[in-house]
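# Summary of the model geometry
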Amino acid sequence: MKYRLLTATAALAIMGSFASSTAAVAQDRYCLQGRIWGYPGNCQFASYAQCMASASGTNAYCGINPRYAYARRYRGYR
């Protein structure tokens, strides 16, 4: 019984790690930047509109997350 519970817990942990990694990729494309936030800033926005809505009324602006802006694109050789 103890081994079944351990196996089920391990399987749920593995499945949960796959689900969270795909959701995290889409959630940090844009960063709220400014004097308060520093650089790269608060990078939790999936769209530019979400970031601009949070920046509205403050002394902040939105930019692309440097992790995506400067990521290398690997292409296979032909």
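Residues numbered from 1 in each chain as written. Predicted model: local features only at pLDDT ≥ 70, side-chain atom pairs only at ≥ 80, totals over all residues. Heavy atoms only, no water.

## Describing the overall build of the chain
- In terms of regular secondary structure, the chain is built from three helices and three strands.
- Mapped from its N terminus to its C terminus, the chain presents α and β elements in the order α-β-β-α-β-α.
- Split into buried and exposed, the 78 residues of the chain put 18% on the buried side.
- Of the contacts formed within the chain by residues at least 6 apart in sequence, a portion of 42% connects residues at least 24 apart. (Helix = DSSP H or I, 4+ residues; strand = E, 2+ residues; numbered from the N terminus. Buried < 20%, exposed > 50% of the residue type's maximum accessible area, 1.4 Å probe, protein only. Contact = heavy atoms within 4.5 Å.)

## Quick notes on the confidence of the model for the chain
- In this model, the chain carries a mean pLDDT of 76, and residues with pLDDT of at least 70 account for 59%.
- Predicted confidence in the chain is weakest over helix H1 (residues 2-26), with a mean pLDDT of 56, and strongest over helix H2 (residues 48-55), with 92. (pLDDT = per-residue confidence, 0-100.)

## Quick word on the pairing of strand E2 (residues 38-45)
- Where strand E1 (residues 30-34) and E2 come together, three bridges link them in antiparallel fashion. When the bridges of E2 are listed, Gly34 appears paired with Gly38.
- Counting the residues between successive antiparallel strands, the hairpin from E1 to E2 contains three residues. (Pairing = 2+ DSSP bridges.)

## A few points about the state of the cysteines
- This model, assessed by the stated rule, comprises two disulfides.
- A sulfur-sulfur separation of 1.9 Å characterises the disulfide bridge that pairs Cys31 with Cys43. Handedness of the Cys31-Cys43 disulfide follows from its S-S torsion of about 105°: it is right-handed. Here Cys31 is found in strand E1, whereas its partner Cys43 is found in strand E2, with 12 residues between them in sequence.
- A disulfide bridge connects Cys51 with Cys62, and the sulfur atoms are separated by 2.1 Å. On the S-S bond that ties Cys51 to Cys62, the torsion sits near -105°, and the link is left-handed. Highlighted residues: Cys51 in helix H2 and Cys62 in strand E3 (residues 60-64), separated in sequence by 11 residues.
- You can call Cys51 buried: its relative accessible area is 0%.
- Sequence-ordered numbering of the bonded cysteines in the chain gives a disulfide pattern of 1-2, 3-4. (Disulfide = S-S within 2.5 Å.)

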